[in-house]
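Chain and residue survey
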Amino acid sequence: MTNSFWLDIVQGGLSGYILLAFMLFVIGLATVLIRRSLLMQFMGVELMLNAANVALLAFGRFKNGDVEATTFYLFIIAVAACEAAVGLALIVGLYRHRQTTDSDRANDLRF
Amino acid sequence: MFLIFALITLIGALAMFRQRNLIAAGLCLVLSFIGVSGLFLLLSNPVAAALQIIVYSGAIVVLVLFVIMLLNAHEEEPMEKRRLIQRWSGAGVVAILGAGAFWVVASSKALHPTNVNPTINPTTLGQLGTHLFRQHVVAFEAIGLLLLASMVAAVALVKRDL
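Let's shift gears to the overall build of chain A. Counting secondary structure elements, chain A contains four helices and zero strands. Helices and strands in chain A line up, N terminus first, as α-α-α-α. For chain A, the C-alpha radius of gyration of 18 Å lies well beyond 13 Å, the compact-globule estimate for 111 residues. By principal-axis analysis of the C-alpha atoms, chain A measures approximately 55 × 30 × 20 Å. Taking all 111 residues of chain A together, the buried fraction comes to 59%. Pairs at least 24 residues apart make up 46% of the contacts formed inside chain A by residues separated by at least 6 positions. Summing over all exposed atoms, chain A offers an accessible surface of approximately 4,400 Å²; the carbon and sulfur share of this is 67%. Of the charged side chains in chain A, 8 are positive and 8 negative, and the gap between their average positions amounts to 10 Å.

Here is the structure:
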């Protein structure tokens with residue numbers, strides 16, 4: 001924790017982006033683990049995915065792998081879209097069977 | 001500029017975490033995603049910024065808001081019973097993982113020899129397309145198949161009598 005570390009963060013160096021990505025990830029993780037609504041948990045997952053994207057593109061810019069990082073960002077976005085579609089379909093399916101979107105109430109393995 | 005966009009992102013995320021109303025939480029998520037796309041602009045990556053706005057704050061959040069309105073789940077349902085152990089162990093796991101990740105990130109050797117002024121040539125769509133179709137054509141086709149499969153899966157999960 002030297003002085004230059006904090007200077008790097010404030011000026012938007014690599015450490016700043018990585019610290020921001022880390023804080024976004026922790027907020028998303030807290031949303032998934034503490035909130036009860038499945039839709040809130042879903043939004044937390046999206047936030048964690050975004051934190052990973054920020055870290056990926058920051059490393060790509062500062063370590064001269066920009067085009068490669070953006071290509072992988074494209075693939076990550078496509079997988080995130082798939083995950084959103086299937087996850088929301090699962091939530092809607094659960095609601096049809098149990099009339100709830102509360103993850104605490106979905107604690108049986110059988111319908 | 002970096003601090004402004006970082007603050008927008010973090011405030012949006014924290015507001016989403018604290019919000020009771022699910023629709024408002026989705027709108028806070030949009031704010032956070034817009035901050036992230038500003039960060040991508042600062043990383044001189046306009047393609048990623050545009051994709052962030054179009055796909056995340058455009059498509060995915062709208063999909064989530066649609067489902068919230070469809071299920072009429074504007075508020076979190078009242079607790080069935082108080083599960084104090086789960087609640088506090090969840091908070092504890094977040095704290096432990098957060099502290100461990102911070103320690104790993106801050107002590108990482110990859111961060112310290114940074115150059116504050118990276119090369120200033122923005123990533124263009126042309127570069128990206130050339131790279132995508134020269135090096136990653138197979139992955140590109142696989143992603144197309146994956147999108148088709150997930151679409152079929154989503155329809156099959158929700159449809160009642162298939």
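What follows is about the packing of aromatic side chains. In this structure the tally under the stated criterion is seven aromatic pairs over all chains. By the ring-pair criterion, three or more aromatic residues cluster together here, those being A:Tyr17, A:Phe62 and B:Phe2.

Take the domain arrangement of chain B next. Interfaces are frequently sized by the accessible area removed from exposure as the parts join. Here chain B is described as being made up of domain 1 (1–76) and domain 2 (124–162). For domain 1 of chain B versus domain 2 of chain B, the distance between C-alpha centres works out to 23 Å.

This brings us to the interface of chain A and chain B. At the interface, 76 residues of chain A touch 82 residues of chain B. At the boundary of chain A with chain B, total buried surface from both sides reaches about 7,300 Å², with 73% on carbon and sulfur atoms. Taken together, the links from chain A to chain B amount to zero salt bridges. Counting the contacts that link chain A with chain B gives 11 residue pairs in polar contact (both at pLDDT 80 or more).

In this section: helix H4 (residues 84–106) of chain B. Side chains of residues three or four places apart in an α-helix project in the same direction, reflecting 3.6 residues per turn. The first and last C-alpha atoms of H4(B) sit 33 Å apart over 23 residues, in line with the 33 Å expected at 1.5 Å per residue. B:Gly90, B:Val94, B:Gly98, B:Val105 and B:Ala106 are the residues of H4(B) that are buried.

It is worth spelling out empty space enclosed by the protein at this point. All chains considered together, the criterion is met by one cavity of 30 Å³ or more. Each pocket or cavity is described by its volume, and for the largest cavity that value is around 40 Å³. For the largest cavity, the full set of lining residues is A:Ser37, A:Thr101, A:Asp102, B:Leu22, B:Ala73, B:Glu75, B:Glu76 and B:Glu77. Of the residues assigned to the lining of the largest cavity, the class counts are two nonpolar, two polar and four charged.

Let's shift gears to the side chain of B:Ser32. Looking at the secondary structure, you find B:Ser32 in helix H2 (residues 22–42). Taking relative accessible area as the criterion, B:Ser32 reaches 0% and is therefore assigned buried.

Mean pLDDT over chain B stands at 84; residues scoring 70 or higher make up 91%. Averaged over each element, pLDDT in chain B is lowest for H4(B) (83) and highest for helix H6 (residues 137–158) of chain B (92).

On to helix H4 (residues 66–98) of chain A, then. Spanning 33 residues, H4(A) covers 47 Å between terminal C-alpha atoms, matching the ideal 48 Å at 1.5 Å per step. One or two residues past the end of H4(A) sits A:Gln99, with phi positive at roughly 55°.

We now examine the layout of surface pockets. Empty space among the atoms becomes visible once a probe the size of a water molecule is rolled across them. The space that makes up the largest pocket amounts to roughly 290 Å³. Lining the largest pocket are A:Ile34, A:Arg35, A:Arg36, B:Phe17, B:Arg18, B:Arg20, B:Glu76, B:Glu77, B:Met79 and B:Arg87. Of the residues assigned to the lining of the largest pocket, the class counts are three nonpolar, no polar and seven charged.

All right, on to the pattern of salt bridges then. All names here are of chain A. Scanning the entire structure with this criterion turns up two salt bridges over all chains. The salt bridge involving arginine 36 is made with aspartate 102; its shortest N-O contact spans 2.9 Å. Here the residue arginine 36 occupies a position in the loop between helix H2 (14–34) and helix H3 (38–62), and aspartate 102 occupies one in the segment after H4, the gap between them amounting to 66 residues. Note on arginine 36: relative accessible area 9%, which makes it buried.

Criteria and cut-off values
- Residues numbered from 1 in each chain as written.
- Chains lettered and ligands numbered in written order.
- Predicted model: local features only at pLDDT ≥ 70, side-chain atom pairs only at ≥ 80, totals over all residues.
- Heavy atoms only, no water.
- Helix = DSSP H or I, 4+ residues; strand = E, 2+ residues; numbered from the N terminus.
- Rg over C-alpha atoms; globule rule 2.2 N^0.38 Å.
- Buried < 20%, exposed > 50% of the residue type's maximum accessible area, 1.4 Å probe, protein only.
- Contact = heavy atoms within 4.5 Å.
- Areas by Shrake-Rupley, 256 points an atom, 1.4 Å probe, with all protein chains shown as cover.
- Lys, Arg positive; Asp, Glu negative; His and termini not counted.
- Charge placed at Lys NZ, Arg CZ, Asp CG, Glu CD.
- Phe/Tyr/Trp six-rings, centres within 6.5 Å; stacked < 30°, edge-to-face > 60°.
- Domains from an automatic or database assignment.
- Buried area = accessible area lost by both parts, 1.4 Å probe.
- Salt bridge = Lys/Arg side-chain N within 4 Å of Asp/Glu carboxyl O.
- Polar contact = N/O pair within 3.5 Å; in protein donor to acceptor, adjacent residues only side chain to side chain.
- Expected span 1.5 Å × (residues − 1).
- 1 Å grid on protein atoms, 1.4 Å probe; cavity = no way out; pocket = protein on both sides within 12 Å on 5 of 7 lines; lining within 4 Å.
- Points joined across faces, edges and corners; volume = space filled by probe spheres on them.
- Nonpolar A, V, L, I, M, F, W, Y, C, P; charged D, E, K, R; others polar.
- pLDDT = per-residue confidence, 0-100.

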